[in-house]
Amino acid sequence: MWGGRFAEGPSAVMREINASIPFDKRMWRQDIRGSQAHAAMLGKQGIVSAEDAARIAEGLAQVAAEFEADGVPDDLALEDIHMLAEARLADKIGPSAGRLHTARSRNDQVATDFRLWVRDAIDQAEAALGACRTHCSRVPRSMPRV
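Now for a look at the structure at hand. Please read these numbers as outputs of a predicted model, since none were measured by experiment. (Residues numbered from 1 in each chain as written. Predicted model: local features only at pLDDT ≥ 70, side-chain atom pairs only at ≥ 80, totals over all residues. Heavy atoms only, no water.)

Helices and strands together make up the secondary structure of the protein chain, namely 6 helices and 0 strands. Helices and strands appear in the protein chain in the N-to-C order α-α-α-α-α-α. Across the protein chain, contacts joining residues at least 24 apart in sequence account for 76% of those joining residues at least 6 apart. With the model as given, the accessible surface of the protein chain reaches about 9,500 Å², and the carbon-plus-sulfur share is 56%. (Helix = DSSP H or I, 4+ residues; strand = E, 2+ residues; numbered from the N terminus. Contact = heavy atoms within 4.5 Å. Areas by Shrake-Rupley, 256 points an atom, 1.4 Å probe, with all protein chains shown as cover.)

One way to put it is that helix H5 (residues 81–93) packs onto helix H6 (residues 106–137) with a least axis distance of 10 Å and a crossing angle of 105°. The pairing of H5 with H6 is recorded here as roughly perpendicular in orientation. Of H6, the residues touching H5 (which contributes Ile81, His82 and Met83) are Arg106, Gln109, Val110 and Asp113. (Axes fitted to C-alpha atoms, helices over the stretch in contact; angles between N-to-C directions. Parallel < 35°, antiparallel > 145°, perpendicular 65-115°, else oblique.)

Evaluated as defined, the whole model comprises 2 aromatic pairs. A centroid spacing of 6.2 Å and a plane angle of 20° characterise the contact between Phe114 and Trp117, whose relative ring orientation is stacked. Taken together, the residues Phe114 and Trp117, both in helix H6 and 3 residues apart, mark about one turn of the helix. The class of Phe114 is partly exposed, set by a relative accessible area of 47%. (Phe/Tyr/Trp six-rings, centres within 6.5 Å; stacked < 30°, edge-to-face > 60°. Buried < 20%, exposed > 50% of the residue type's maximum accessible area, 1.4 Å probe, protein only.)

Attention now goes to the nonpolar core. Counting residues in each nonpolar core, the largest one holds 17 residues, and the members touching the most others are Trp28, Ile32, Ile56, Phe67, Val72, Ile81 and Leu89. Residue assignment for this core shows that the elements contributing at least two residues are helix H3 (28–44), helix H4 (50–70) and H5. (Core = buried A, V, L, I, M, F, W, Y, C linked by side-chain atoms within 4.5 Å.)

None of the figures reported here should be taken as evidence of function without further support.
Structure representation (structure tokens):
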């Protein structure tokens with residue numbers, strides 16, 4: 001990303017300031033899901049070949065399995081979960097990974113991931129409240145209710 005007018009990349013301090021990966025790595029599942037849906041759309045619309053769409057989908061599944069097993073690394077050089085996932089995808093499938101970014105901006109990714117994360121958080125909160133309701137309904141009448 002640091003090409004053009006700059007002779008060298010950002011300093012370590014700037015990399016640390018700009019990097020959001022320590023925070024947004026918790027959205028890796030949503031980033032992978034959004035990318036899977038985007039790749040499927042690109043293939044269905046003929047924007048990328050069916051082979052590339054399949055290769056991207058397979059690679060994203062591999063990245064998801066890696067993150068699930070090993071966690072998401074804090075790679076400050078890659079700044080955010082989107083760049084990290086795309087870099088891991090490129091490691092797995094090569095140049096076809098670059099086609100995933102077709103017709104999608106970084107802002108699109110951020111908005112989509114955050115919306116998916118909020119929806120998932122709401123689902124988790126609702127499930128926890130339901131479990132609490134179930135548990136509280138089993139409390140004997142002689143005990144005070146919470």
